[in-house]
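Each chain is listed here by its residues.
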Amino acid sequence: MSSSQYINNFKRNVTDKYTIYNSLFAALPFSGIANVGALLPILLQACIDGYADGKNPMQIIDHFFQQHTNVKTEAEKVDRLFKFAQYIERQVVLFDAIEDAAFTTVNNIDGPGSLKALLNEAAFAGKTQALKNKLRKFKVRVVLTAHPTQFYPGSVLGIIHDMNEAISKNDFHTINLYIQQLGITPFFNKKQPTPYDEALNLMWYLENILYHSIGNIYNFIEREVFDNQFDGDNPFIELGFWPGGDRDGNPFVNAATTIKVAEALRSAIIVCYYRDVRKLTRRLTFTGVDVMIHHLEEQLYENVFRPKESKRITTQELLQQLVDMRALIITQHHSLYIQRLDSLIHKVKIFGTHFAALDIRQDSRIHTQVLAQINSELKAKDSTGILPDNYTALSAEEKINILASLKASLDPELFSDAITKDTLQSIYAMNTVQQANGEAGCQRYIISNCQNAVNVMEVYALFCLCGWVADSLTVDIVPLFETIDDLREAETIMEFLYTLPVYKQHLQLRQQNQTIMLGFSDGTKDGGYLQANWSIYTAKENLTAISRKYNIKAKFFDGRGGPPSRGGGKTNKFYASLGNKIENEEIQLTIQGQTITSNFGTIQSSQYNLEQLLSAGISNELFADTRMQLSQHERNLLEELGSISYQTYQSFKIHPLFLAYLQQFSPLNYYSKSNIASRPAKRGGSGGLRFEDLRAVPFVGSWSQLKQNVPGYFGVGTALQKMKEKGLWEDVKAMFRNVLFFRTLIDNSMMSMLKSSFALTQYIKDDAKYGAIWELIKKEFDLTATLVLELSDSTELMQDDRTGRASIQMRDKIVLPLLTIQQYALHQLHEKTVTPEMKEVYEKLITRSMFGIINAARNSA
């Protein structure tokens, strides 16, 4: 279909249906609903007209209440604003469900990037065998994180899922019932969730979506690519899991949580197998097979409902029983229903008994602190520590030699310091999980804020102090490089480790594989959009080269967030754009918050987006000879663009009112009050907010709520303008046409800009204190928008993605009153003298307004 047909489908199946079903809200039989439903369209129009006339949010809200209501007091006004917020939240849910239901009609499911298209392209190019060879080893690892950008509780996720099925069938009666259910279902967590709560919420996607979509992909590859003859052990797609294992800045995650989450993951996958086996018992009714399938059903039942009394079934035992059944069906029962049995076998090969692999993550500074604490407490007990007295004064190489020699089986209970005890317990917990769920269940320890080789060897030493034997350490130690400086030093750090005898021995045990994580979120926060992405690109090239030099296979794990400024956006195009100088045996990336909902909210969207990732990584190598690699001139252009944008962003970031501006006009200070995540919004303890302690999620999310999206474009316009002034504009335009990496950067930046709206905050330009900052941001936005349109020969942002553009505009329109309410509440708090009671009410209103805005944006943080 043409793009015009897809946009017509969007109008018919999304926009028009939303208009129809949205009217049902006004008819809900609940107190006050009808009045809110009647007034909200008037408020929306007042916002549209008001901003067009240059009015500010306060004027719009005040005028609306004066003209259209009988509200007399501020308390009554705020009560009505809360009702509007709750109503809009449910409108967003309805739009999500409608858009999910229309996914296959507004997206080209079998088009470019699909496995079907990849198979056809390979056949046309005579590369079917090359495709098979690549698929024997290439895989995608999707790691679900619990970062606080997801505002839907599990009950609402279930309604969205069920509603989109009803919408697909145009079942008006059932849709009406779900809308009534939405009307009285709470959206707000009254208390902060625990890490275990977060894990259970994400497991909904594992059980209901990813279990099926990943299984479907395996089935397609096995059937269509390998003609039902695939004999390899590659799962094609793997799942990772951070809730319960990510300790970085989260004091509520401990070893007990890790073990509890691992148990829940095992239980969840056994439940999935049990359901499938129960369905198979209705079909595999043949002599001999019936006894085998019923025996397996009983085993799985015991593992699910009596886990403590029953013998734990292992992946190997489960597979063996299924393979034995398969052999019997083939030899004696005409291979009847063999494909259904094969589908379950494939799932067991993919998910094992662990479902998703738990990663453990902690900040390098904690490891340094823990080793010092261990040394201090041991010395206090018997005068014998693990480190020499002059340890802190030693050189890096001397420290590493000492760390490499440490061996013990320390008892965590001997230590009084809480973080020391938990760090040791978490390392023991990894062994416990491996014993229960298999080695794949928990085999990676990630070091965030990794700045040198000592940081890596500190973790190695901690494992050796917890009873792990160096020559059988079944754990990958994964350094995470985040800041621009760390990315620059990564190559040197890894080369030192590759030549270190003890670490070389460790890598031999890990089949010469080294996973290296790169942080897009903190990279952008530190160095700006263009520089962060280019720094990560070049870091991958350098790390690939140094790894190949020492016969190490580098595997890059990208720490990506939802929006373009955190490595999100059109992620598959980034992977398709990587040249042959970057190792390409795996794609590993984090998926979080709203991105999980938007990209993996249904089986269809999940399968589509996973196929896009698989196809991107495979086609990048398979068809490399037909795709342009970066020339030296293009590298020089990207280097200069990155450098100029970095300097521009840095000059803005060091402005004395940079953080104060964000705190004054955005809900930055209210992320911790939203009860959507267990992790605090900033690193460190109490005290004032410092930029270096601010986490990327609230930082980027706050700019999004302010509708200014600074991290997604700031510095891009200035960099492009400088190139134009140097007479290099035609070169940059040629690079946009020919280099997919650069084109994807610009396309994603356009997405950030399309989601911006300065009309909401134009009143700030008259503020004596902050007006100059608003003008500075607006000037860079206007410059960037003008130049990217010229660069791409476009007349509007996201011109080549008309359905994506329509979706963003529709969502922005739905939440426009909510954005206005948020700005109104912030203004009342900062500019008015309010009673303590009203102060608390306004703060709750700000927090509540965040929900619908975040959910509507889908990838705002």
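Residues numbered from 1 in each chain as written. Predicted model: local features only at pLDDT ≥ 70, side-chain atom pairs only at ≥ 80, totals over all residues. Heavy atoms only, no water.

A. Molecular detail of the environment of Q632. Examined against the element boundaries, Q632 turns out to sit in helix α26 (residues 632-653). What makes Q632 exposed here is its relative accessible area of 55%. In the structure, Q632 is positioned 531 residues away from A101 in sequence and 46 Å away in space, judged by C-alpha atoms. (Helix = DSSP H or I, 4+ residues; strand = E, 2+ residues; numbered from the N terminus. Buried < 20%, exposed > 50% of the residue type's maximum accessible area, 1.4 Å probe, protein only.)

B. How the structure looks around helix α28 (residues 696-705). Among the 10 residues of α28, 10 are classified as buried, and the element is accordingly described as predominantly covered. Residues A696, V697, P698, F699, V700, G701, S702, W703, S704 and Q705 constitute the buried set of α28.

C. Here's a closer look at the packing of helix α30 (residues 729-738) against helix α31 (residues 740-754). Taken N-terminus to C-terminus, the directions of α30 and α31 make an angle of 95°; their axes are 6 Å apart at the nearest point. One element, α30, and the other, α31, form an angle in the roughly perpendicular class. Two secondary-structure elements touch here, α30 through V732, M735, F736, R737 and N738 and α31 through L740, F742, R743, I746 and D747. Split into classes, the residues belonging to the contact of α30 with α31 amount to 6 nonpolar, 1 polar and 3 charged. (Axes fitted to C-alpha atoms, helices over the stretch in contact; angles between N-to-C directions. Parallel < 35°, antiparallel > 145°, perpendicular 65-115°, else oblique. Contact = heavy atoms within 4.5 Å. Nonpolar A, V, L, I, M, F, W, Y, C, P; charged D, E, K, R; others polar.)

D. Region of interest: the packing of aromatic side chains. By the definition in use, this model includes 38 aromatic pairs. With a centroid separation of 6.1 Å and 45° between ring planes, the pair formed by Y21 and F172 is classed as tilted. A residue pair is termed long-range when its members are at least 10 positions apart, and Y21 in helix α1 (residues 3-22) and F172 in helix α9 (residues 172-183) qualify at 151 residues. Given the relative accessible area of 42%, F172 is considered partly exposed. Within the aromatic cluster, the residues linked to one another by ring pairs are F652, F658, Y661, F665, F699, W703, F714, Y763 and Y770. For the cation-ring pair, K399 lies above Y391, with the distance from its terminal atom to the ring centre recorded as 5.5 Å. Over the ring of F758 we find K778, and its NZ or CZ is 5.8 Å from the ring centre. (Phe/Tyr/Trp six-rings, centres within 6.5 Å; stacked < 30°, edge-to-face > 60°. Lys NZ or Arg CZ within 6 Å of the ring centre and 35° of its normal.)

E. Local environment of the environment of N219. The topology assignment puts N219 in helix α10 (residues 195-225). For the pair N219 and T128, spaced 91 residues apart in the sequence, the C-alpha separation amounts to 18 Å. Excluding residues within four positions of it along the chain, N219 makes contact with S343 and H346.

F. Seen up close, the packing of α31 against helix α32 (residues 771-791). Viewed as axis vectors pointing N to C, α31 and α32 meet at an angle of 135°, and their least axial separation amounts to 11 Å. On the basis of the axis angle, α31 is oblique to α32. As α31 packs across α32, the resulting crossing turns out to be left-handed. Side by side, α31 and α32 meet where F742, I746, M750 and M753 of the first sit next to F781, T784, A785, V788 and L791 of the second. Here the contact of α31 with α32 is built from residues that sort into 8 nonpolar, 1 polar and no charged. (Left-handed = near helix turned anticlockwise from the far one by under 90°.)

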